[in-house]
Amino acid sequence: MKITEIHVFKADLPVVNGPYKMSHSSVWALNSILVKIVCDNGFFGWGETCPVGSSYNESFSSGAAAALMEMAPGLIGTSILPIPLHTRMDQLLKGHNYVKAAIDIAAHDALGKSLGLSVSDLLGGALVDRVPSYYALNLATPEDASRQALEKCKEGYPRLQLKVGGRPVEQDIATIRKVWESIDGKGVRLVIDANRGLLTRDVLTISKACIQIPLVIEQPCENVDDLRALRPLVHHPIYMDENTVNPNNALVGAATGLVDGFGLKVTQLGGLYPMRAIRDICALRRLPHTCDDTWGGDIMAAACTHIGATVAPNLLEGVWIAAPYIEGHYDFENGLSVESGHIKVPTLPGLGIIPDESGLSQPIASYS
Ligand code: 0XW
Ligand code: MG
């Protein structure tokens, strides 16, 4: 199967009840870039990349459109099988994993549809028919955070991620304690995610002050060296997220015992094909991880859910999708959502969703 056409769309995703607030940034609306590839046998596939603003990591929406302009002409005629496809993308453009991921996802979708297999089949096979999700509690006051934590706990989320950082550490400690007070004993796991917004000083203070709370500390500081220095000093597991900017540093993190787990994102790793390799290394090293992305609609949600379904349940920390913050779906019939804290794994071929193009703007670019 070879690519004969590539069409690029932009989808505006305003944040429902926004903003989405993290230590470094608050976002009110996101611009997602959707990719439709058409193959020489008539099958087509959809991909997506949606940076969560332009300061979360080294990615931004119009940069994705520009990178596609750079790569797409050279991809016409290329096989959609992962090794020739990624080889060709790397020949055309260095880095830019978040853009290559959109093409990779579309290729998995088209291949699955042509073979009558789901994307999780292509990734080795699903172990479950629904995956656990987790809810990201925005940066908030202790009262608001604990109220929302209890609400999400009652909805059935098995894990809560509490945003911290970017404010006096005393406020983070008070919020963590209040949230834990409201969910303790309810079988819900707690992660605090600083999105690189804490200093090592603050992490040590939080870990000491919350020593009795069984939480995970996700991406506390800016640099991976800080994570390495902190790990033997804190009383809580440390997970790497934003520092996982490519498969190689995920490999190093997993192989060298640098961290206790990961927040893994499809776009940070360059797509489902490279992500499955990191999934398998984490399995060998018994390292738990999430299967997420920065943001995105049904296409990205399906991609994260499909690979999440192939992870051993004892190692899957959850699949985060942006659906709770998005109004509507690209595919109203098969669009993904979180129900009782879990997400059903699509069973139709490919991603299991087909965006309704009448709901999208005209392509911003087409290549053939
Ligand atoms: C919760 N997420 C997966 C969604 C936002 O993009 C941030 C991210 C995280 O874990 O940092
Ligand atoms: Mg994170």
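All values derive from a computational prediction rather than experimental measurement. (Residues numbered from 1 in each chain as written. Chains lettered and ligands numbered in written order. Predicted model: local features only at pLDDT ≥ 70, side-chain atom pairs only at ≥ 80, totals over all residues. Heavy atoms only, no water.)

A. Representation of the overall build of the chain in the model. Looking only at helices and strands, the chain has 12 helices and 16 strands in total. At 20 Å, the chain has a C-alpha radius of gyration in line with the 21 Å of a compact globule built from 368 residues. Expressed along its principal axes, the backbone C-alpha trace of the chain runs to roughly 60 × 40 × 35 Å. Counting every position in the chain, which comprises 368 residues, the buried fraction comes to 58%. For the chain, the share of sequence-separated contacts (at least 6 apart) that also reach a separation of at least 24 residues comes to 71%. If you sum the accessible surface of the chain, you get close to 14,300 Å²; carbon and sulfur atoms cover 54% of it. (Helix = DSSP H or I, 4+ residues; strand = E, 2+ residues; numbered from the N terminus. Rg over C-alpha atoms; globule rule 2.2 N^0.38 Å. Buried < 20%, exposed > 50% of the residue type's maximum accessible area, 1.4 Å probe, protein only. Contact = heavy atoms within 4.5 Å. Areas by Shrake-Rupley, 256 points an atom, 1.4 Å probe, with all protein chains shown as cover.)

B. Representation of the side chain of Thr 267. For Thr 267, the location among the structural elements is in helix H10 (residues 266-269). Not counting residues up to four positions away in its chain, the partners in contact with Thr 267 are Thr 49, Asn 97, Tyr 98, Ala 101, Asp 293, Thr 294 and Met 300.

C. Spotlight on the domain arrangement of the chain. Split by domain assignment, the chain resolves into domain 1 (3-116 + 354-367) and domain 2 (122-344). Between domain 1 and domain 2, the C-alpha centre-to-centre distance is 23 Å. Each side of the interface is counted separately: domain 1 has 40 residues, and domain 2 has 45 residues. Looking only at domain 1, the three residues that lose the most surface to domain 2 are Tyr 20, Ser 23 and Tyr 56, adding up to 21% of its buried area. Across the domain 1-domain 2 interface, the total number found is zero salt bridges. Put simply, domain 1 and domain 2 have 20 residue pairs in polar contact (both at pLDDT 80 or more) between them. Among the residues making up the side of domain 1 that touches domain 2, the classes are represented as 24 nonpolar, 11 polar and five charged. (Domains from an automatic or database assignment. Buried area = accessible area lost by both parts, 1.4 Å probe. Salt bridge = Lys/Arg side-chain N within 4 Å of Asp/Glu carboxyl O. Polar contact = N/O pair within 3.5 Å; in protein donor to acceptor, adjacent residues only side chain to side chain. Nonpolar A, V, L, I, M, F, W, Y, C, P; charged D, E, K, R; others polar.)

D. The arrangement of the coordination of the magnesium ion (ligand 2) in detail. For the magnesium ion (ligand 2), the full set of protein donor atoms is Asp 193 (OD), Glu 218 (OE) and Asp 241 (OD), at a range of 1.9 to 2.4 Å. Each donor residue of the magnesium ion (ligand 2) belongs to the same chain, and together they define the spacing D-x24-E-x22-D. Placement of the pair is Asp 193 in strand E9 (residues 189-193) and Asp 241 in the loop between strand E11 (238-240) and helix H9 (247-255), with a sequence separation of 48 residues. (Donors = N, O, S within 2.8 Å, 3.2 Å for Na, K, Ca; no water.)

E. Spatial organisation of the site of ligand 1. By nearness alone, 16 residues border ligand 1, and Gln 161, Lys 163, Asp 193, Asn 195 and Thr 294 come closest of all. Between ligand 1 and Gln 161, the relevant distance is 3.1 Å, taken from an oxygen atom to a side-chain nitrogen or oxygen of the residue. A distance of 2.5 Å is found between an oxygen atom of ligand 1 and a backbone nitrogen or oxygen belonging to Thr 294. Considering ligand 1 on its own, with 300 Å² of exposed area, one finds that the protein chains cover 100% of that surface. A molecule is said to occupy a pocket when more than half its atoms come within 2 Å of that pocket's grid points, and by this definition ligand 1 occupies the largest cavity. The residue inventory of the shell around ligand 1, partitioned by class, reads six nonpolar, three polar and seven charged. (Near = heavy atom within 4 Å. 1 Å grid on protein atoms, 1.4 Å probe; cavity = no way out; pocket = protein on both sides within 12 Å on 5 of 7 lines; lining within 4 Å. Sits in = over half its atoms within 2 Å of the grid points.)

F. Structural view of empty space enclosed by the protein. Counted by the stated rule, this structure contains two cavities of 30 Å³ or more. Size it by volume and the largest cavity reaches roughly 140 Å³. Lining the largest cavity are 18 residues, and of these Tyr 20, Tyr 56, Lys 163, Lys 265 and Asp 293 lie nearest its centre. Residue composition of the lining of the largest cavity, by class: eight nonpolar, three polar and seven charged. Two domains share the lining of the largest cavity, each providing at least three of its residues, namely domain 1 (3-116 + 354-367) and domain 2 (122-344). Each pocket or cavity is described by its volume, and for the second largest cavity that value is around 40 Å³. (Points joined across faces, edges and corners; volume = space filled by probe spheres on them.)

G. Highlighting the sheet that holds strand E13 (residues 289-292). Taking strand neighbours across the sheet as the criterion, the eight strands line up as E7-E8-E9-E10-E11-E12-E13-E14 in an open arrangement whose pairing is parallel. Edge strands, defined here as strands with exactly one partner in the open sheet, are strand E7 (135-137) and strand E14 (316-318). Adjacent strand axes in the sheet meet at a mean angle of 30°, parallel and antiparallel pairs treated alike. When strand E8 (residues 159-163) meets E9, the two strands line up parallel, connected through five bridges. Of the residues in E9, the one forming a bridge with Leu 160 is Leu 190. The strands that helix H6 (residues 169-183) touches are E8, E9 and strand E10 (215-218); relative to E9, the one it contacts most, it runs at about 165°. (Pairing = 2+ DSSP bridges. Axes fitted to C-alpha atoms, helices over the stretch in contact; angles between N-to-C directions.)

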